[in-house]
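The lines below spell out each chain.
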Amino acid sequence: MPVSSLNLYMIRTILGLFVLLLFGHPLASAQASKRPNVLIIYADDLGTMDLGCLGQDNLQTPNLDRLAAGGLLLTQMYAPAPVCSASRVGLLTGRFPVRAGQPGNGALNAEEVTIAETFAAAGYRTGQVGKWHLGHSDSQNPGGQGFDDWFGHLGGCIDNYSHFFYWNGPNRHDLFENGNEVFRGGEYFPDLMQQRCRSFIDAKDDRPWLLYWAFNSPHYPYQGTKRWLQHYASTPTPRREYSAFLSTMDETIGKVLGHLDASGQADSTIVIFQADHGHSTETRAFGGGGDAGVYRGAKFSLFEGGIRVPSIVRYPKKFPAGEKRDQFLTGCDWLPTLSQLCDVPLPTDTNDRKVNLDGDSVVDVLSKNVPGKSPQFYWHFGAGKHPQWAIRSGPWKLIGHPRDTSAAQKEWVDGGRLPTERWLSNLDVDPSEATNLAASHPEQVRRLEKIAEQYRSQW
């Protein structure tokens, strides 16, 4: 006889209760604790080439360089978007930001399933420290998106001493702890963050943990410590201010990584460092400070300098140390990759259906250096009639409604949107995207536009 819907519901409920009881058993707790911890460190407005391990000889990033020496330097990592909120949506959901309903800066749709919700359902304790920038309501703040414990600011940036958000007024205090506004005026925010990370790591709990630590640096306001401002005293502005804040971030990260070592958890913890997108050339950033190397573009642009970002991963139990991976990777790949490494089921929606992810697990790329997937990804930034979008397929990349936000000293910059609707590049031949091939390769334009339309028809 067919099982009735009611009986099926009862069976699933009983099975669910059994799983909950099992996870409460000491043996299950011990098994869960053998799974790796996860520390995701997300930098903000960091230039494509701005780490010592990437060849910069005018920057001091010894702690991140040490992390790369103990792990893998990922040289072709792409952010999900060229702007803060959308990039975070891609990281946390494993989906194109526009598919998840966020093509720019703004709140994360509450119905989206985050990495925190996914890992919490599998027995992990979850924490968030630092910048959120994905919504203020109870359903959209970190607590509403699966983080058990959280501390930081909900908006896009804050003053690191007063913890006020300065934009177009009125000025707004923005520092919260687990849904409650807290006042720590005069205390340096990077110090508050590293203290909170250390206390989260030290919590007396047998469960494995996932901690998402999102910096507001080297994003403006540039507020590096006195030590680093003095170190870069002879560096011209705005590189001086930017570098001081970046080295301050590196020093702050070093304190937490050192604590991870001292706690005996380093070998059993997957550590990911990545930037959300390219460096800023906004007025608030004094017009620049970051360095994209040979790559055109910066924050807000879908040229390489806006979306190609520094990235490092370390996991001593699985990955070799001191190697590079040059394969095409994206920030959307982390959720499925971590799910595989941590034996966590991929996310499902409220109807128990697997969520449509745009990232792929790259465990074999990282551990075995296999060739990896052929590059293909879709970026979409902005709304209205002329949003920027880009599609990459193999070495070919097509940008719709291109915008160049490179700093003024770059020879190709024209100060904003280019006087063309399509920009085509072959990145194997022209990684700087200096020459538009759209007119000479119309067949590639048509092919890439068709792929982009196929993606857009899905949402």
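The structure this text deals with has already been given above.
The notes below deal with the structure included here. The model shown is predicted, which means the values in this text are computed figures rather than measured ones. (Residues numbered from 1 in each chain as written. Predicted model: local features only at pLDDT ≥ 70, side-chain atom pairs only at ≥ 80, totals over all residues. Heavy atoms only, no water.)

Before going further, it helps to examine helix 3 (residues 62-69). Think of an α-helix as 3.6 residues a turn; residues three or four steps apart then line up on the same face. Inspection of helix 3 places Asn63, Leu64, Leu67 and Ala68 among the buried residues, and these make up the whole buried set. Looking straight down helix 3, one finds its buried side chains confined to an arc of 145 degrees; they lie on one side. For helix 3, the elements touching its buried residues are strand 2 (72-74), helix 8 (239-262), strand 11 (269-275) and strand 13 (311-314). (Buried < 20%, exposed > 50% of the residue type's maximum accessible area, 1.4 Å probe, protein only. Helix = DSSP H or I, 4+ residues; strand = E, 2+ residues; numbered from the N terminus. Arc of directions from axis to C-beta. Contact = heavy atoms within 4.5 Å.)

A word on the nonpolar core. Within the largest apolar cluster, 93 residues are counted, with the highest numbers of intra-cluster contacts made by Trp213 and Phe273. Of all the elements, helix 8 adds the most residues to this core, at nine residues. With residues up to four places along the chain from it excluded, the contact list for tryptophan 213 reads Leu39, Ile40, Ile41, Tyr42, Val129, Met193, Gln194, Cys197, Thr252, Ile253 and Val256. Counting 28 residues, the second largest nonpolar core, distinct from the first, contains Ala390, Trp423, Ile451 and Tyr455. (Core = buried A, V, L, I, M, F, W, Y, C linked by side-chain atoms within 4.5 Å.)

With their axes 7 Å apart at the nearest point, helix 3 and helix 8 run at an angle of 50 degrees to one another. The orientation of helix 3 relative to helix 8 falls into the category oblique. Every residue of helix 8 that contacts helix 3 at Pro62, Asn63, Leu64 and Leu67 is listed here: Asp250, Glu251, Ile253, Gly254 and Leu257. Counted by class, the contact of helix 3 with helix 8 contains five nonpolar, two polar and two charged residues. (Axes fitted to C-alpha atoms, helices over the stretch in contact; angles between N-to-C directions. Parallel < 35°, antiparallel > 145°, perpendicular 65-115°, else oblique. Nonpolar A, V, L, I, M, F, W, Y, C, P; charged D, E, K, R; others polar.)

Counted by the stated rule, this structure contains 23 aromatic pairs. Members of the aromatic cluster, joined through ring pairs, are Tyr78, Phe96, Phe328, Phe377, Tyr378, Trp379, Tyr455 and Trp459. If you follow arginine 125 out to its NZ or CZ, it ends over the ring of phenylalanine 200, 4.3 Å from the centre. Seen from the ring of tryptophan 389, arginine 456 lies directly overhead, with NZ or CZ sitting 4.7 Å from the centre. (Phe/Tyr/Trp six-rings, centres within 6.5 Å; stacked < 30°, edge-to-face > 60°. Lys NZ or Arg CZ within 6 Å of the ring centre and 35° of its normal.)

What follows is about the packing of helix 6 (residues 189-202) against helix 8. Running from amino to carboxyl end, helix 6 crosses helix 8 at an angle of 15 degrees, the nearest separation of the two axes being 9 Å. On the basis of their axis angle, the class for helix 6 and helix 8 is roughly parallel. Crossing geometry of helix 6 relative to helix 8 is assigned as right-handed. Here Pro190, Asp191, Gln194, Cys197, Arg198, Ile201 and Asp202 of helix 6 lie close against helix 8, whose contacting residues are Thr252, Lys255, Val256, His259 and Leu260. Its residues assigned to classes, the contact of helix 6 with helix 8 comprises five nonpolar, three polar and four charged. (Left-handed = near helix turned anticlockwise from the far one by under 90°.)

Bringing the sheet that holds strand 3 (residues 77-78) into the picture now. Pairing within the open sheet is mixed, and its three strands lie in the order 12-3-15. In this open sheet, the two edge strands, each paired with only one partner strand, are strand 12 (308-309) and strand 15 (329-330). Note: strand 3 against strand 12, two bridges, orientation antiparallel. Directly across from tyrosine 78, in strand 12, lies its bridge partner arginine 308. (Pairing = 2+ DSSP bridges.)

Now for the sheet that holds strand 2. Pairing within the open sheet is mixed, and its ten strands lie in the order 9-8-5-4-10-1-11-13-2-14. Looking at which strands have only one partner, the edges of the open sheet turn out to be strand 9 (180-181) and strand 14 (323-325). Pairing of strand 2 with strand 14 involves three bridges; the strand directions are parallel. Each bridged residue has a counterpart across the sheet, and for leucine 74 the counterpart in strand 14 is arginine 325.

In this model helix 6 runs 20 Å from its N-terminal to its C-terminal C-alpha over 14 residues, within 8% of the 20 Å that 1.5 Å per residue would give. Elements in contact with the buried residues of helix 6: strand 4 (125-131), strand 5 (149-153), strand 8 (176-177), strand 10 (209-214) and helix 8. (Expected span 1.5 Å × (residues − 1).)

With that out of the way, let us pick up the pattern of salt bridges. Taken as a whole and judged by the stated rule, the model has 24 salt bridges. The shortest N-O distance in the salt bridge between aspartate 358 and arginine 99 comes to 2.7 Å. Here the residue aspartate 358 occupies a position in the loop between helix 10 (334-341) and helix 11 (363-368), and arginine 99 occupies one in the loop between helix 4 (84-93) and helix 5 (115-121), the gap between them amounting to 259 residues. Since its relative accessible area comes to 13%, aspartate 358 is described here as buried. A residue is classified by how much of its surface remains accessible, and arginine 99, at 11% relative accessible area, is buried. Note that glutamate 304 is salt-bridged to lysine 397, the shortest N-O span being 2.8 Å. In this pair, glutamate 304 is assigned in helix 9 (residues 304-307) and lysine 397 in strand 18 (residues 396-400), connecting sequence segments 93 residues apart. In terms of burial, glutamate 304 and lysine 397 fall into one category: buried. Each member of the salt-bridge network shares a partner with another, and the members are Asp44, Arg88, Lys131 and Asp276. (Salt bridge = Lys/Arg side-chain N within 4 Å of Asp/Glu carboxyl O.)

Here leucine 192 shows up in helix 6. On the basis of relative accessible area, leucine 192 is assigned to the buried category, the value being 4%. The sequence separation of leucine 192 and phenylalanine 151 amounts to 41 residues, and the corresponding C-alpha distance is 9.2 Å.

With that settled, the discussion passes to the side chain of arginine 296. By the element assignment, arginine 296 lies in the loop between strand 11 and helix 9. Arginine 296 sits in the buried class, given a relative accessible area of 3%. Here the side chain of arginine 296 touches glutamate 433 through a polar contact of 3.1 Å, landing on its backbone oxygen. (Polar contact = N/O pair within 3.5 Å; in protein donor to acceptor, adjacent residues only side chain to side chain.)

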